[in-house]
Amino acid sequence: MRVLEKIKNKDLINKDLIYSFLNNLLFNKITRKLLIALLEKLVISYLKPGKKNKFSSTNTKVQHEKKLIALSIINSVKRAIEGNALSKEVSKVVLKLWAGAIITNRAKDKIINNFYEKNGTEPPFFLVISPGHECNLHCQDCYAASESRGHKLSWEILDKLITDAKKAWGIKLIVFSGGEPFLYKSNGKDILDIALKHNDLLFLAFTNGTIINSEILKKIRLSKNLTPALSVEGMEKTTDNRRGIGVFSKVVSSLENLKIQGVPAGISVTVNRNNYNEVLSDEFLDFFFIKQKIFYAFYFQYLPMGRNADFSLMPTPYQRLEFRKKLLDIIEKRRLFILDFWNHGTLVNGCIAAGRSGGYLHIDWNGNVMPCVFIPYSSGNILEIYENGGNITDIWENPYLVSIRKWQKNHGYGKEYSKSNKLGNLLIPCPYRDHYSDFLNIIEKNKAIPQDVSADELLKDLNFRKNMLEYEKELAEIFNKEWNENFLRISNKLRNSNK
Ligand code: SF4
């Protein structure tokens, strides 16, 4: 009886053995083919129109986009293994951590369940921490306005923050941004020491890719749970133009070294009015995905903030729509794993900021807590909270973040957005860049404080305000039409055809 009980409780199933077995199947040529085909079938059936599960959507077109991305991730794994860009040991660790993170559900996770019982919603999935403001580059329009010297969090605070987030929220992923995260050092320790210490978590580091030396490479390989996303702006000329002469070749050399180590790496691209065709070109995609064998690309459409904020670089609403369509076509045809902020609100049910369930919040080098990396306005500081005997839960309960989470519920998140719900348009998910008028009300009501001079100047700049409000209007016209015609109607049509 007791044995049966144990089997029922899965005590006898050693998860490590299962992941090891699956990993072996992936690294065998014949079994890989079968496993990949099986995974693709599972994804297609899991995300079929009408299916209800953790990742599904009641909107058929949204469901379709989720399926395309899931298939592109599977293809990325296959390409990386076949191209010798993913080592078997690293794959085993990543597989275990990602599978654990994805499979987790409330019923099985005590921390998530406790949080839900108390708050009626699940906790955030990850934290973005910018541990230091220092950077070795001086990019023309750096969103973080990084400096050659800068403030940083101490190792103790960084470690405490992550430990507390695991205990209170069951966090699965830490994203490092900056400043240049590989420059961070405190008490002789760096972000890779954190990754090594917290080996039950996944880590992603947004880096300029220019200082990944042999020591850093060795530690990345040793930790196995950190993937770096290296910044480029396009091919060599475009990248060097914004980031400095010689930067592109350093990034490429880092990517080559990471590939040799079998560590999955990706790129991060700021898309603006000048480079938006280049970063969708075959030349660019072939170079990075085929030649450099990157695993993923994150596209962030330029948002004026930080150093030399320039509204005229922001892709127009029409360009944003055009970019969305072209990129989706590429993902469908080439199965490349590319995420497009802000066009992929469809994949994550809208805005993921402010500690939303499944989402995140941002803590910077001064301990300031912000809803998002792209909203440099804060109304709380973790150092002060700790000093006053508070804890990480106080951040989540901050009224500013609460009001953004409330706003999200009226803009797609948790809505039956297949119905004719105008507020559920997941194509324009951002309270800051897409709904600037709402954003102004939120920060005024909550007395959120600009985190730096440039955030303060933007807030006072009436011309910027006028531009953002006009952008919001134009965006709503174009994207509400797109949502109504190509998501709501198509959705009904597809649903009816599936009856
Ligand atoms: S606030 Fe905007 S940029 Fe930040 S997660 Fe939400 S939609 Fe994305």
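Reading the values: the criteria
- Residues numbered from 1 in each chain as written.
- Predicted model: local features only at pLDDT ≥ 70, side-chain atom pairs only at ≥ 80, totals over all residues.
- Helix = DSSP H or I, 4+ residues; strand = E, 2+ residues; numbered from the N terminus.
- Rg over C-alpha atoms; globule rule 2.2 N^0.38 Å.
- Contact = placed C-beta atoms within 7 Å.
- Core = buried A, V, L, I, M, F, W, Y, C linked by C-beta atoms within 7 Å.
- Buried ≥ 20, exposed ≤ 12 C-beta atoms within 10 Å, placed from the backbone.
- Axes fitted to C-alpha atoms, helices over the stretch in contact; angles between N-to-C directions.
- Parallel < 35°, antiparallel > 145°, perpendicular 65-115°, else oblique.
- Left-handed = near helix turned anticlockwise from the far one by under 90°.
- Nonpolar A, V, L, I, M, F, W, Y, C, P; charged D, E, K, R; others polar.
- Near = placed C-beta within 6 Å.
- Pairing = 2+ DSSP bridges.
- Right-handed = clockwise from strand over helix to strand, strands pointing away.
- pLDDT = per-residue confidence, 0-100.
- Arc of directions from axis to C-beta.

Brief notes about the overall build of the protein chain
Scanning the protein chain from N- to C-terminus turns up 19 helices and 11 strands. The C-alpha atoms of the protein chain give 22 Å as radius of gyration, which agrees with the globular expectation for 499 residues (23 Å, within 12%). For the protein chain, the proportion of contacts with a sequence separation of at least 24, taken over those separated by at least 6, is 73%.

Some points on the nonpolar core
Formed by 109 residues in total, the largest nonpolar core has its most connected members in Leu-127, Phe-203, Ile-294, Ala-353 and Leu-361. In contact with Ile-294, other than residues within four places in its own chain, are Leu-255, Ala-265, Gly-266, Ile-267, Phe-288 and Phe-289.

Side note on the packing of helix H4 (residues 60–82) against helix H13 (residues 317–334)
Relative to each other, H4 and H13 sit at 50°, their axes nearing to 9 Å. Here H13 runs oblique to H4, going by the angle between their axes. The handedness of the crossing between H4 and H13 is left-handed. Counting all contacts with H4, which are made through Glu-65, Leu-68, Ile-69 and Ser-72, the residues of H13 involved are Leu-328, Ile-331 and Glu-332. A per-class count over the contact of H4 with H13 returns 4 nonpolar, 1 polar and 2 charged.

A closer look at the site of the ligand
As a structural note, the neighbourhood of the ligand is formed by Phe-341, Trp-342, Cys-351, Ile-352, Ala-353, Cys-372, Phe-374, Ile-375, Pro-429, Cys-430, Pro-431 and Tyr-432. For the shell around the ligand, the per-class residue count stands at 12 nonpolar, no polar and no charged.

With respect to unusual backbone geometry
Of note, the bond from Gly-178 into Gly-179 is cis; its omega dihedral lies within 30 degrees of zero at 10°. Within the fold, Gly-179 resides in the loop between strand E2 (173–176) and helix H8 (191–197). With omega at 25°, the peptide bond leading from Phe-341 into Trp-342 counts as cis. A positive phi is found at Lys-224, a non-glycine position, where the angle reads about 65°.

Let's talk about the sheet that holds strand E4 (residues 226–232)
Taken in spatial order, the 9 strands make up an open sheet running E7-E6-E5-E4-E3-E2-E1-E8-E9, and their pairing is mixed. One side of each edge strand has no neighbouring strand; the edge strands of this open sheet are strand E7 (338–341) and strand E9 (369–370). Sheet topology places strand E8 (residues 360–363) next to E9; 2 bridges connect them, and they run antiparallel. Within the sheet, the bridge partner assigned to Ile-363 lies in E9 and is Val-369.

Let's talk about the pairing of E7
As paired strands, strand E6 (residues 296–301) and E7 are joined by 4 bridges and run parallel to one another. For Phe-298, the partnering residue across the bridge sits in E7 and is Leu-339. Handedness of the β-α-β unit built from E6, H13 and E7 comes out right-handed.

What about the environment of Lys-237?
Structurally, Lys-237 can be placed in helix H10 (residues 236–243). With 73 residues separating them in the primary sequence, Lys-237 and Asp-164 have C-alpha atoms 44 Å apart.

Observations regarding the confidence of the model for the protein chain
Averaged over every residue, the pLDDT of the protein chain is 90; the share at 70 or more is 92%. Taken element by element, the protein chain is modelled with least confidence in helix H1 (residues 2–8), mean pLDDT 49, and with most confidence in helix H12 (residues 282–291), mean pLDDT 98.

A closer look at the pairing of strand E3 (residues 202–207)
Judged by how many residues are buried, E3 sits mostly within the fold: 6 of 6 residues are covered. Burial along E3 is two-sided: the face carrying Leu-202, Leu-204 and Phe-206 and the face carrying Phe-203, Ala-205 and Thr-207 are both buried. Pairing analysis gives 4 bridges linking E2 to E3, with the strands arranged parallel. Bridging from a neighbouring strand, Val-175 pairs with Leu-204 of E3. Tracing the backbone out of E3, into helix H9 (residues 214–223) and back to the parallel element E4 gives a crossover that is right-handed.

Brief notes about helix H17 (residues 436–446)
When we look at burial in H17, the residues that qualify are Tyr-436, Phe-439, Ile-442 and Ile-443. All buried residues of H17 lie within an arc of 115° about the axis, which places them on one face of the element. Along H17, exposed side chains directed more than 90 degrees from the buried face belong to Ser-437, Glu-444 and Lys-445.

Quick look at the environment of Lys-66
Tracing the backbone through its elements, the reader meets Lys-66 in helix H4. The exposure class of Lys-66 is buried, given the 22 C-beta atoms found within 10 Å. With 22 residues separating them along the chain, Lys-66 and Ile-44 place their C-alpha atoms 10.0 Å apart. Aside from chain neighbours lying at most four places away, what touches Lys-66 is Leu-47, Phe-55, Ser-57 and Leu-347.

So, the environment of Val-232
Position of Val-232 among the secondary structure elements: in strand E4. Exposure remark for Val-232: the 28 C-beta atoms within 10 Å place this residue in the buried category. Distance from Val-232 to Gln-451, taken between C-alpha atoms, is 26 Å for residues 219 residues apart in sequence. In contact with Val-232, other than residues within four places in its own chain, are Thr-239, Phe-248, Val-251, Ile-267 and Val-269.

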